[in-house]
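# Results of the structural survey
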Amino acid sequence: PDDSKSDEKPSGSDKETAKDSVFKRPSVIPKHRQDLLKWNGWGYQDSQFAVTNQRTLTFTGQRYQLSGSEMPALVEWMEKALGASIDQRSPAKFTRPENIPPPVQVNADFMSAIRQLGLSHSDAGPDRLFRGHGHTLEEMFTLREGMFPRLPDLVVWPTSHREVVELVNLANRCGVVLIPFGGGTSVTGALLCPPGERRMIVSLDTSQMNRILWLDERNLIGRFEAGIIGQDLEARLAELGYCIGHEPDSLEFSSLGGWVATRASGMKKNVYGNIEDLLVHVTFVTPTGVIEKSCAAPRVSVGPDVHHLIMGSEGSLGVVTEVTLKIRPLPQTRRYGSLVFADFASGVRCLRELALRRCAPASVRLMDNEQFQFGHALRPAASGWTTAFVDAVKRFYVTRVRGFKPDELAVATLLYEGTPEEVAQQEALVNSIAANHGGISGGEENGRRGYMLTFVIAYLRDLGLDYYCVGESFETSVPWDRVLDLCRNVKLRIKEECRSRGVTQPVLSTCRVTQTYDAGACVYFYFAYNYRGLPDPVHLYEEVENAARDEILANGGSLSHHHGVGKIRQRWYSRSVSEPAVAAVRAVKSRLDPNNVFACANLFEPAGGPDGQTEQKAKL
């Protein structure tokens, strides 16, 4: 199909020419990502936790609120919570991306055709390595200790929907595999190349498709190319007075197309919704054609919703090229807050009431005590005696006057957005409901710090790996009446599994409630342990996480709230959705992609094994 309609301006958009520079501005993330980002860790090259000469920890760079700060309590916390010592370092075996294996398969016909089409491409080792993995613990450990058994043979950067259509058709004709790549933040193994794949594997990098195509300010919707990175999307819209409001923890690096393909959720979903609530229209390229609805109406009743076929497809059916989303005017006021509860159960009861009364702030996150202690260890050194005195007064009030026990209390961080009147009214109501559950205000600054720490915590895994500690997070969703049982049982199961497998040092097992709904909540679990002296820490970790996932399902939790299935959760997929549902998805795969061009092997292995073509063709 002709994609010329993508550039049409809806009626009422008479400011398009003046906005052109904003619409087409290059991304803050360069085409060659290794120029700015770490090749073997999370985030920017200039941002990391580092040990100072005074044997404290600091966070380098200037990009974050925590940057340049020293955290005098973090080293002690590591020793107490994990038995780790900054005197026992475990340096990576590979510190530079050298000796990257050459391409395994090169399809001459395909290479000749993309040159004729003028499609930008690279077979350079660093480009291929960056797109051959996501950010699971196993993938990060592999980058430090060895190399992946298979990497993409080529990276191609299309610049428009039309070029993606040409690329997909070409791959289908030539027998080449395509694995879509957006921001590379997957934590499900979704970007790993199937090691048994015998065809040429090409990474379809959408990062150069990052334009705002148009804004319709009458209907408050916008059309965007799928490769735009979250921080670019929000920054450009903010210049024009608008926002999307979708803020996943990976906002800095994840892409719009990735949000759609994984059914993403954001920190501010209480106001703006999850990706399925924001999406109005999507264009999806498959080997047998382009899927899209004929209009961008707010709701239609025309059979099963094809949008829900695309959302959650995780690169297995095709690739998202363009997305129409709801936009909103920037909020007039943004205010942070925090609440302190005597225990986690009191906090959960408060969040449940906030959800039932439909008055939750844009973001509300409840930390259990272990996570509160961890967050407290990340506090920068007091800047002066006044700050230290105020902190001491706050501690005295919470622990002595209110009687909260430091090893039991729980803390919620809040973000309010709206008009000044709306925010003031909502904050008063939230504080009133919290008081009914024994909660007290913890102040605006603690809320601000807690919210901003979300973007820094991901860097801690790299620090842990430098000192014999592995750690990871995973999530689930669960009905309200099972939240407390699930949290308790999963945390205990993690510790028991670690002990039974020879972990002798303390085990960190903690959780937080991150999103709330009428019928339940999303819960994040974090766990870490010291692997010094253990022979295969990654395999041990996988066994523990698998046991934790079994415990989650046994306690009524979901397989995933927003990370997706990928490869690491395939074993539970049919149990989660039923065998007939899996058969239906397989049938869709066979019809849309009969030659298994999108052979990423996410959700399930294609029929016929990694290659998957013979049996699929026979069935079709």
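Residues numbered from 1 in each chain as written. Predicted model: local features only at pLDDT ≥ 70, side-chain atom pairs only at ≥ 80, totals over all residues. Heavy atoms only, no water.

### So, the environment of V22
The condition is simple: Elements are defined by DSSP. Helices are runs of H or I of four residues or more, strands are runs of E of two residues or more, and each kind is numbered from the N terminus. Type-normalised accessible area, obtained with a 1.4 Å probe on protein chains alone, sets the label of each residue: buried when under 20%, exposed when over 50%, and partly exposed for intermediate values.
Checked against the element boundaries, V22 lands in helix α1 (residues 20-23). Residue V22 is classed as buried on the basis of its relative accessible area of 7%. When the C-alpha positions of V22 and I212 are compared, they lie 7.9 Å apart, and in sequence the two are 190 residues distant.

### Focus on the packing of helix α12 (residues 344-356) against helix α18 (residues 483-500)
Operational definition: Interaxial angles span 0 to 180 degrees and are taken between N-to-C directions of axes, which are lines fitted to C-alpha atoms, for helices over the stretch in contact. By convention the crossing between two helices is left-handed if the near helix lies anticlockwise of the far one by an angle smaller than a right angle, and right-handed if it lies clockwise. Every residue pair with non-hydrogen atoms within 4.5 Å of one another is taken to be in contact. Residue classes follow a fixed rule: Ala, Val, Leu, Ile, Met, Phe, Trp, Tyr, Cys and Pro count as nonpolar, while Asp, Glu, Lys and Arg count as charged, and any other residue, Gly among them, counts as polar.
Relative to each other, α12 and α18 sit at 145°, their axes nearing to 10 Å. Read as a crossing pair, α12 and α18 show a hand that is right-handed. Touching F344, A345 and V348 of α12 are V483, L484 and C487, all from α18. Of the residues in the contact of α12 with α18, the class split is six nonpolar, no polar and no charged.

### Quick look at empty space enclosed by the protein
Convention followed: Both site types are read off a 1 Å grid over the protein atoms alone. A 1.4 Å probe that fits but cannot get out defines a cavity, while an open set with protein on both sides within 12 Å along at least five of seven lines defines a pocket; lining residues have an atom within 4 Å of a point. Grid points are joined across faces, edges and corners, and a volume is the space filled by probe spheres set on the points.
In total, this model carries five cavities of 30 Å³ or more according to the counting rule given. Considered as a void within the structure, the second largest cavity measures approximately 140 Å³ in volume. As for the second largest cavity, its lining consists of 18 residues, of which R33, L37, F130, H135 and G183 are closest to the centre. Partitioning the lining of the second largest cavity into residue classes produces eight nonpolar, eight polar and two charged.

### Here we look at the UniProt feature "domain: FAD-binding PCMH-type" (unreviewed entry) in the protein chain
The cut-off we apply is this: UniProt positions are given in the numbering used here, feature names are shortened, and annotations may be inferred rather than shown by experiment.
If you check UniProt for "domain: FAD-binding PCMH-type" (unreviewed entry), the listed places come out as residues 148-330 in our numbering. Each end of residues 148-330 is marked by a C-alpha atom, and these two atoms are 44 Å apart; helix forms 23% of the span and strand 26%.

### Details of the nonpolar core
Under the convention used in this document: Nonpolar cores were defined as sets of buried Ala, Val, Leu, Ile, Met, Phe, Trp, Tyr and Cys residues, with membership established by side-chain atoms within 4.5 Å.
Core analysis: the largest hydrophobic core is formed by 125 residues, its most contacted members being F49, F224 and Y529. Beyond its immediate sequence surroundings of up to four residues, Y529 is in contact with L82, Y468, C469, V470, C498, V503, P506, V507, L534, P537, L540 and Y541. The next biggest cluster of nonpolar side chains, apart from the first, holds 24 residues, and it includes M111, L167, M200 and M209.

### Some remarks on the packing of aromatic side chains
How we decide: Each pair of aromatic rings taken from Phe, Tyr and Trp, with Trp reduced to its six-membered ring, is defined by centres within 6.5 Å and is described as stacked if the planes are under 30 degrees apart, edge-to-face if over 60, and tilted in the remaining cases. Here, over-ring charges are defined by two tests on the NZ atom of lysine or the CZ atom of arginine: distance to the ring centre within 6 Å, and angle to the ring normal within 35 degrees.
Counted by the stated rule, this structure contains 16 aromatic pairs. Taken together, a centroid distance of 5.3 Å and an interplanar angle of 80° make the contact between F59 and Y459 edge-to-face. Linking F59 in strand β2 (residues 57-59) with Y459 in the loop between α16 (444-457) and α17 (460-465), this pair joins segments that are 400 residues apart in sequence. We note that F59, like Y459, is buried. By the ring-pair criterion, three or more aromatic residues cluster together here, those being F474, F525, F527, Y529 and Y541. Over the aromatic face of W157 sits the side chain of K31, whose NZ or CZ is 4.7 Å from the ring centroid. Above the face of the Y468 ring, R532 is positioned so that its terminal group lies 5.7 Å from the ring centre.

### What about the sheet that holds strand β9 (residues 221-225)?
Here is the rule: If DSSP finds at least two bridges between two strands, the strands pair.
Across the sheet, which stays open at both edges, the five strands sit in the order β8-β9-β13-β11-β12 with antiparallel pairing between neighbours. Every interior strand has two partners, whereas the edge strands, β8 (212-216) and β12 (289-291), have only one. On average, each strand axis in the sheet is tilted by 10° relative to the strand beside it, whichever way the strands run. Bridging between strand β11 (residues 279-286) and β12 involves three bridges; their strand directions are antiparallel. Bridge assignment links F284 to a residue of β12, and that residue is I291. Packed on one face of the sheet, helix α6 (residues 161-174) meets β11, β12 and β13 (319-326) and runs near 35° to β11.

### Focus: the packing of α12 against helix α15 (residues 420-436)
Formally: In this scheme, roughly parallel covers angles under 35 degrees and roughly antiparallel covers those over 145, while 65 to 115 is roughly perpendicular and the rest are oblique.
One can describe the packing of α12 onto α15 by two numbers: an axis separation of 9 Å at closest approach and a directional angle of 140°. Here α12 is positioned oblique relative to α15, judged by the angle of their axes. Two packed elements cross with a definite hand, and for α12 against α15 that hand is right-handed. Contact with α12, carried on its side by C350, E353 and L354, involves V430, I433 and A434 of α15 and no other residues of that element. Among the residues making up the contact of α12 with α15, the classes are represented as five nonpolar, no polar and one charged.

### Some points on the side chain of S160
Following the sequence through the fold, S160 ends up in the loop between β5 (154-157) and α6. For S160, a relative accessible area of 16% gives the class buried. If we skip the residues at most four places from it in the chain, S160 touches M209 and E225.

### Some words on the side chain of S207
When you line up the elements, S207 lands in the loop between β7 (201-205) and β8. With relative accessibility at 9%, the residue S207 sits in the buried group. Non-local contacts of S207, meaning those with residues more than four positions away in its chain, are made with W157 and G227.

### Observations concerning the environment of L409
Considering the arrangement of structural elements, one finds L409 in the loop between α14 (385-401) and β17 (410-418). Remark: the alpha-carbon pair of L409 and F110, spanning 299 residues in sequence, is separated by 61 Å.

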